[in-house]
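# Results of the structural survey
Listed below are the residues making up each chain.
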Amino acid sequence: MDLLSPIALTLFFAITFAFLLLKFSFGNEELKNLPDGSMGWPLCGETLGFLKPHRSNSMGSFLHEHCSRYGRIFKSHLFGSPSIVSCDLELNMYILQNEGKLFESCYPKPLYDILGNSSLILVHGDLHKKLRTFAVSFINSCRSRTEFLCDVENKVVAMMESWRQRKEVFFCEEAKKFTFNVIVKQLLSIESGEPLASKILEDFLTFMQGFVSLPIYIPGTSYAKAVKARGRISGTIREIIRQRKKGQVGTRKGDFLDGILLNSTLSEEEKVGLVLDLMLAGYDTTATLMPLVLYFLAHSPRATKRIKEEQRAIRRKKKDGEPLNLEDYKQMKFTYNVICEALRCGNVVKFVHRKAMKDVVFKGYFIPSGWKVLPIFAAAHFDPSVHDNPLEFNPWRWEDQVLNKKATPFGGGLRVCPGADVAKLETSFFLHHLVLNYRWKPDGGEHPLAYPYVEFKRGLPLEIKPTKMKHKTCLFRPQPGV
């Protein structure tokens, strides 16, 4: 008996394994329709190849090779999970439009440590709906408020004035400071010159570096520093909340924080998380978009000439020093097309993380429940069956309104980036003053890289030269109550 037991156990497991193999190979017909692909190496799968840096205005070698070999929908093993990768526009839209029904947000666990469990990016269901309602309401109110428009323009003009005695600027750094100062003013009423602004910015930049780094918590790594920086920023926000509740800051500021402090349905953790989420969204999107626009315009003299003509026409209709308004923004139609094309070509958001909530069949492909699903927006943007000459920067293509349904630079569905319109508005105001005041030329060796986050290796150095202004612009200070 002592000898028979191991033999019996071995036979039992062998028969069980054979049964399961037969069941999944022949008994479940749907599994036969898994997309083709490769699971790569044990443990890491194909993650390293997938994340290999490449020009953001391209698909990159990994996606190009896999699409050529397996088609635009393929299986892989990424971020520690069996995955379905979609470079197909129709499947991407299907995934985004079925958020909460067939698919749900599913980011790697280390992101929870860095963003917090109450982050709008990570939560689901009713909590996501509640937090998103606050975020969308704040962003929509910004677009319609004269104070916000004037603050954006004032900060643009101040940035331009600081360049007057300079021959070169590292534009990525300038864009980051500009966008951070705008969002912190709207969220917390902190001006750029205040010591607290410098403190938050220092911690925030550390946070951002770790946000896109290898998630290994070892003291000294970017990720470990980011987790600590997030704690410091949260502590700063909590202190501001404490002071406002005690009335130590004086009268109400009328900013976003005041608005959520009046709401009793949010916990303090949710309030802090929401402020940090909006800080991240308001900073990252615009700070990435602005350098991309300048990069592509520098390589398209025809588009640059057209955008100058449009902005000069808008300025001619205004008095000296008269600020821009929403009606002016609506007249920036070609500028808007330039921004949309820069988003399509530059890919601020390359992909998002989703998970199948149940078994899904799409176009005959089987997507098993529990598998990670990665809709790759960048790949769909460079699909020749969707876009003519997809690698060409051509703002005129956006004169066709149908194109709005063929590009997803900010995602889509319930989780579409709520700050997309504000990012376009801020960039448009910036371009208005840039083309009226400066000529610029980027370093010829610079190009946007996808890490997968977009970055210029040297920070996009620009040679700048002031122009002789025919239409004077100046700082505008809104009167109280405007």
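Keep in mind the model is a prediction, meaning the values are calculated, not measured. (Residues numbered from 1 in each chain as written. Predicted model: local features only at pLDDT ≥ 70, side-chain atom pairs only at ≥ 80, totals over all residues. Heavy atoms only, no water.)

Turning our eyes to something else, we now look at the nonpolar core. Membership of the largest hydrophobic core comes to 100 residues, with the highest contact counts inside it found for W163 and F430. In this structure F430 touches V156, M159, M160, W163, F171, M290 and L294, once residues within four positions along its chain are discounted. (Core = buried A, V, L, I, M, F, W, Y, C linked by side-chain atoms within 4.5 Å. Buried < 20%, exposed > 50% of the residue type's maximum accessible area, 1.4 Å probe, protein only. Contact = heavy atoms within 4.5 Å.)

This prediction gives the protein chain a mean pLDDT of 86; 89% of its residues lie at or above 70. A low-confidence stretch, residues 1-30 stays under pLDDT 50, and its non-local contacts, those more than four residues away or across chains, total seven contacts. Taken together, the stretch residues 470-482 has pLDDT below 50 and engages in 23 contacts with residues farther than four places along the chain or on a different chain. (pLDDT = per-residue confidence, 0-100.)

Attention now moves to the packing of aromatic side chains. Under the criterion given, the structure shown has 20 aromatic pairs. Pairing F50 with F351 gives two aromatic rings, centres 5.1 Å apart and planes at 70°, and the pair type is edge-to-face. With a gap of 301 residues between them, F50 in helix α2 (residues 47-50) and F351 in the loop between α15 (333-346) and β6 (354-356) connect regions that are remote in the sequence. Both residues of the pair, F50 and F351, belong to the buried class. Centroid distance Y70 to F74: 6.4 Å. Interplanar angle 40°. Geometry classified as tilted. (Phe/Tyr/Trp six-rings, centres within 6.5 Å; stacked < 30°, edge-to-face > 60°. Helix = DSSP H or I, 4+ residues; strand = E, 2+ residues; numbered from the N terminus.)

A separate point is the sheet that holds strand β5 (residues 168-170). Strand order across the open sheet formed by three strands is β5-β13-β10, with antiparallel pairing between neighbours. Both edges of this open sheet fall to β5 and β10 (438-442), since each of them pairs with a single strand only. Each strand axis lies, on average, 30° off the axis of its neighbour in the sheet, ignoring direction. Its contacts with the sheet put helix α8 (residues 171-188) on β5 and β13 (461-466), and the angle it makes with β5 is roughly 60°. Each of β10 and β13 is contacted by helix α17 (residues 420-437), which is oriented at about 100° to β10, the strand it contacts most. (Pairing = 2+ DSSP bridges. Axes fitted to C-alpha atoms, helices over the stretch in contact; angles between N-to-C directions.)

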